[in-house]
Amino acid sequence: MRGGAAPAAGAGHHQRWSGSAGTTPRSLSTGSSPRGSDRSSDDGEELVEVTLDLQEDDTIILRSVEPAAAAAAAAAATGAPRLPLGARGDRSGGASSSRSRSPSIRRTSSHRLLQFSQELKAEAMSIARQFSQDLTKRFGRTHSRAEGQEHPQAPASGIDAALAARAARRQRAQLDRTRSGAHKALRGLRFISSNQANNAWMEVQANFDRLACDGFLSRADFAECIGMTESKEFALELFDTLSRRRQMQVDRINKEELREIWQQITDNSFDSRLQIFFDMVDKNADGRIGEEEVKEIIMLSASANKLSRLKEQAEEYAALIMEELDPEGLGYIELWQLETLLLQKDTYMNYSQALSYTSQALSQNLAGLRKKSPIRKISTTLSYYLEDNWKRLWVLALWIAIMAGLFTWKFMQYRNRYVFNVMGYCVTTAKGAAETLKLNMAIILLPVCRNTITWLRNTRAARALPFDDNINFHKTIAAAIVVGIILHAGNHLVCDFPRLINSSPEKYAPLGQYFGETKPTYFTLVRGVEGITGVIMVVCMIIAFTLATRWFRRSLVKLPKPLDKLTGFNAFWYSHHLFIIVYLALIVHGQCLYLIHVWYRKTTWMYLAVPVCLYVGERVLRFFRSGNYSVRLLKVAIYPGNVLTLQMSKPPGFRYKSGQYMFVQCPAVSPFEWHPFSITSAPGDDYLSIHVRQLGDWTRELKRVFAAACEPPVGGKSGLLRADETTKKALPKLLIDGPYGSPAQDYSKYDVLLLVGLGIGATPFISILKDLLNNIIKMEEEEDASTDLYPPVGPNKPHIDLGTLMTVTSKPKRVLRTTNAYFYWVTREQGSFDWFKGVMNEIAELDQRNIIEMHNYLTSVYEEGDARSALITMLQALNHAKNGVDIVSGTKVRTHFAKPNWKKVLSKIASKHPYAKIGVFYCGAPVLAQELNKLCHEFNGKSTTKFEFHKEHF
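Residues numbered from 1 in each chain as written. Predicted model: local features only at pLDDT ≥ 70, side-chain atom pairs only at ≥ 80, totals over all residues. Heavy atoms only, no water.

Overview of the environment of methionine 322
And step 1. The topology assignment puts methionine 322 in helix α13 (residues 314-325).
And step 2. Among the residues examined, methionine 322 registers a relative accessible area of 0% and is labelled buried.
And step 3. Here the alpha-carbon distance between methionine 322 and tyrosine 332, two residues ten residues apart in the chain, equals 7.5 Å. (Helix = DSSP H or I, 4+ residues; strand = E, 2+ residues; numbered from the N terminus. Buried < 20%, exposed > 50% of the residue type's maximum accessible area, 1.4 Å probe, protein only.)

Looking at the sheet that holds strand β15 (residues 752-758)
And step 1. Taken together, the six strands give an open sheet; going across it, the order is β18-β17-β16-β15-β19-β20, and neighbouring strands pair in parallel fashion. The outermost strands of the open sheet, each flanked by one partner alone, are β18 (895-897) and β20 (946-952). Across this sheet, the average inter-strand angle for adjacent strands is 20 degrees, counted without regard to direction.
And step 2. Of the strand pairs in this sheet, strand β16 (residues 820-827) and strand β17 (residues 852-858) are connected by seven bridges, and their pairing is parallel. Residue pairing across strands places alanine 821 opposite isoleucine 852, the latter belonging to β17.
And step 3. Its contacts with the sheet place helix α35 (residues 902-912) against β15, β16, β19 (917-923) and β20, and it is angled at close to 175 degrees to β16. (Pairing = 2+ DSSP bridges. Axes fitted to C-alpha atoms, helices over the stretch in contact; angles between N-to-C directions. Contact = heavy atoms within 4.5 Å.)

Description of the packing of aromatic side chains
The description of an aromatic ring pair uses the distance of the two centres, along with the angle that the planes make with each other.
And step 1. A full pass over the atoms with the stated rule returns 25 aromatic pairs.
And step 2. Between phenylalanine 420 and tyrosine 425, the aromatic rings sit 4.8 Å apart at their centres with planes inclined by 80 degrees, giving edge-to-face as the arrangement.
And step 3. When its relative accessible area of 45% is taken as the criterion, tyrosine 425 is described as partly exposed.
And step 4. Following the ring pairs from residue to residue traces out a cluster consisting of Phe407, Phe411, Phe420 and Tyr425.
And step 5. Taking the ring centre of phenylalanine 216 as reference, the NZ or CZ of arginine 252 above it sits at 4.2 Å.
And step 6. In this structure, arginine 288 packs its charged tip against the face of tyrosine 332, placed 4.2 Å from the ring centre. (Phe/Tyr/Trp six-rings, centres within 6.5 Å; stacked < 30°, edge-to-face > 60°. Lys NZ or Arg CZ within 6 Å of the ring centre and 35° of its normal.)

Focus: the nonpolar core
And step 1. Phe191, Phe222, Leu258, Ile298, Leu310, Phe823 and Ile852 are the most contacted members of the largest nonpolar core, which has 91 residues in total.
And step 2. Sequence-distant contacts of leucine 258, defined by excluding residues within four places in its chain, comprise Trp201, Val204, Phe208, Leu217, Phe222, Cys225, Ile226 and Ile253.
And step 3. One finds Leu445, Ile481, Ala585 and Leu586 within the second-largest nonpolar core, a separate group that totals 26 residues. (Core = buried A, V, L, I, M, F, W, Y, C linked by side-chain atoms within 4.5 Å.)

Some remarks on the pairing of β19
And step 1. Among the seven residues that make up β19, six are buried, leaving the element largely enclosed by the rest of the structure.
And step 2. As paired elements, β15 and β19 share six bridges and run parallel to each other. Residue pairing for β19: leucine 755 is matched across the bridge by phenylalanine 921.
And step 3. Direction of pairing for β19 relative to β20: parallel, over a ladder of seven bridges. When the sheet's bridge partners are listed, cysteine 923 is paired in β20 with glutamate 952.

With respect to the sheet that holds strand β10 (residues 661-665)
And step 1. A sheet is described by the order of its strands in space; here three strands give the open sequence β11-β10-β14, paired in antiparallel fashion. Each edge of the sheet is formed by a strand with only one pairing partner; in this case those strands are β11 (675-678) and β14 (735-740). Recorded for the sheet is a direction-independent mean angle of 30 degrees between the axes of neighbouring strands.
And step 2. Running over the sheet, helix α20 (residues 450-457) touches β10 and β14 and is turned about 40 degrees from β14.

Looking at helix α8 (residues 232-245)
And step 1. For α8, built from 14 residues, the straight-helix expectation of 20 Å at 1.5 Å per residue is met to within 8% by its first-to-last C-alpha distance of 20 Å.
And step 2. Taken together, the buried positions of α8 are occupied by Phe234, Ala235, Leu236, Glu237, Leu238, Phe239, Thr241, Leu242 and Ser243. (Expected span 1.5 Å × (residues − 1).)

Observations concerning the pattern of salt bridges
And step 1. Across all of its chains, the model carries 16 salt bridges by this definition.
And step 2. A salt bridge links glutamate 315 to lysine 295; the nearest nitrogen and oxygen atoms lie 3.8 Å apart. One end of the pair, glutamate 315, is in helix α13; the other, lysine 295, is in helix α11 (residues 291-304), with 20 residues separating them in the sequence.
And step 3. On the basis of relative accessible area, glutamate 315 is assigned to the partly exposed category, the value being 41%. (Salt bridge = Lys/Arg side-chain N within 4 Å of Asp/Glu carboxyl O.)

So, to be careful, I would describe these as geometric facts and stop short of saying anything about function.
Put into structure tokens, the structure is as follows:
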């Protein structure tokens, strides 16, 4: 003990000397006692028994002071032998059958303890040295971690040196536990998230009342009761640990016991949580953790976080932890060592740190953070909104104005005709809507003329037209067509026709030239050419519009067989080809009008001529081009997560930009269907590649067809199944068409890139990262080449060779506007990282300037600080520091856990790059797109960094 007091760090950190069951502890002689060993005294002096613990750093800790009679009674009750003036052994279970001994010293009087403390300390030190020699004789063999094999016996000084080294490390670890470290610790090892712990006890009580039987909760229902349903194995181990600490082995608990357990796992004390975690690993409760116990907790953590591969390598990683924490080779680790690894894990994580920069204050845009008046805020928000959406706004305004003009023109035209006297405003409204329908049925084809749009993207038209919103504009026009059909067909069927057949003979007479001398019946009007074509168009459009909705297209609607064929992409694709019937019926309908007989006033064909011809031309071009673009499959691989990778030869003349996509057809699956996929190879590669994830019926069948031709990988190659040109089985034929433009292809016009991909949504950005890396390498090579071509200028060479100078200056230098790129890939499955493992390793190795910063996020793993992922986080940091590889992704890129804090991500980028133009590109589910778009607008309003958001949905 230091100054007679134990350290404040907690009594759980004391070191005990271990011996075998047969080791006899040495006794302390107290010959200096004034009364010898006499148990009685004339003055009625009471004898006490004092227990001291010997520390590794040569200090003694006072453990207990109790009456000698009580100690003797306790020993008699337990059957333990009375050790006069000797060491009393602490019993501990465990596989090693070793016992822990703490020398205890009996003195004759408690009030004389201080007088003899120095003597006791000296004698205890002597016993400690002698005890160490005894241990050396009996346990002189070092522990083997890899295979459990025994090594030759070590010299007596070996264990002394090992124990001394560990004691020194422990003392340094205690000194390193600073306030900042303790503050980090408070955020770690949470068994229940902070959000749950605050108000969750009421919910836990409700769960107990629901699950309990006869007032007791069974062990099997414990996980569900405390909200750990997804990590049941971990919850059961926690239950067993807390029961073991209470020296109970029960299969059920009551509400009071549940309350006690809840208080322990939600305790704000880091030391308390650390002790629980340690006890979970220390199955035999001997205060030590062996390699086998480390392996078990790794497997348990891997199971809780759905990391199947980690379970397979648990033995290897357990050895890694033991190598790091047990350099002395004692074969076990203790609580303080686990604590050290937890608190110092950040020192290992010096790789892929998110947006590391010297000082945020130096780059923070202070001007953007000043307080603004409400009027200034509104004006700033409005200006940014207009800047982001002016292309969309002017196109929509022009389109609406044209529709309003056509509607008004046709409305007024029929307002001044005689038919208005019979049918009233019904006919004017129907004809006005018909005119807008002609316009919309024509221009709805333009947004899907992909070749034309791809070509226009590279012209000045891209400065004024929002080509990225072509599909959204297509959907908007479709909505306007629905409104037009309701107004046109509804007014005819419900209003015009009834008023016509109910009109008087005098009013009908002037209309005889249009409808016949005899007044038609309602059935006659409907079964005419105009009525039949109108009904055909309405029916086809209802089918196409319904199956194009998100619920049917993504199979969110579950229908019984055989109606389930009406859902999915195939139903959407085939139903959309009903447009051929619709346009044929529309042309006939526009030529057979009741109220117009002059040919040049039948304007339907005039509206449709150019758009229909353009669209037909595109389809013909695609047909012939796909035949010319014959590709040869070079490699096929099937990865975890139902992802199929196809690598094929690049046809001559096939030029594309990173971020673009192409259409793919597999005749073995369907001779008619073409599906779009992002190109994942870079423009500089001599091959094309795509990654296809099984999301629908067509992709499912495509994977099945290629899987039949694949074989298990050999030679350490990645993938579950693989095939290449040497495969014996013939690979299916593949046709391609493209490339086609996308928002991501314009990445090079931004100073900084933020690329966000969800799952398979990372595919368009892999090509961008590879292209960016290739450009960086080429730029560096050109700089090196130009430096070599410039001759040295100095006193000895006063002039430069003119030919060399012209060679250098005539060659245009490569200019790379993009200074930084941040790639965030969020996925739910560990196997997903196999898809682009090679690309990520290549970027991490070749990007010497740190232009590209990559961050992988695995949402199946609990967030950092959660006890269920604590060991994974420690192991991840340790393995990367030792081997340079992330244990989760298998790459050099660090994998973060849970979901990114997008507000913090954008905040750091804005701070690091003030006054920069940042392109935010997103590909994935629509839910996150809304959040990112909102955050971009938010930061545009409070900083000078300009974020431009672009999205793609798969």
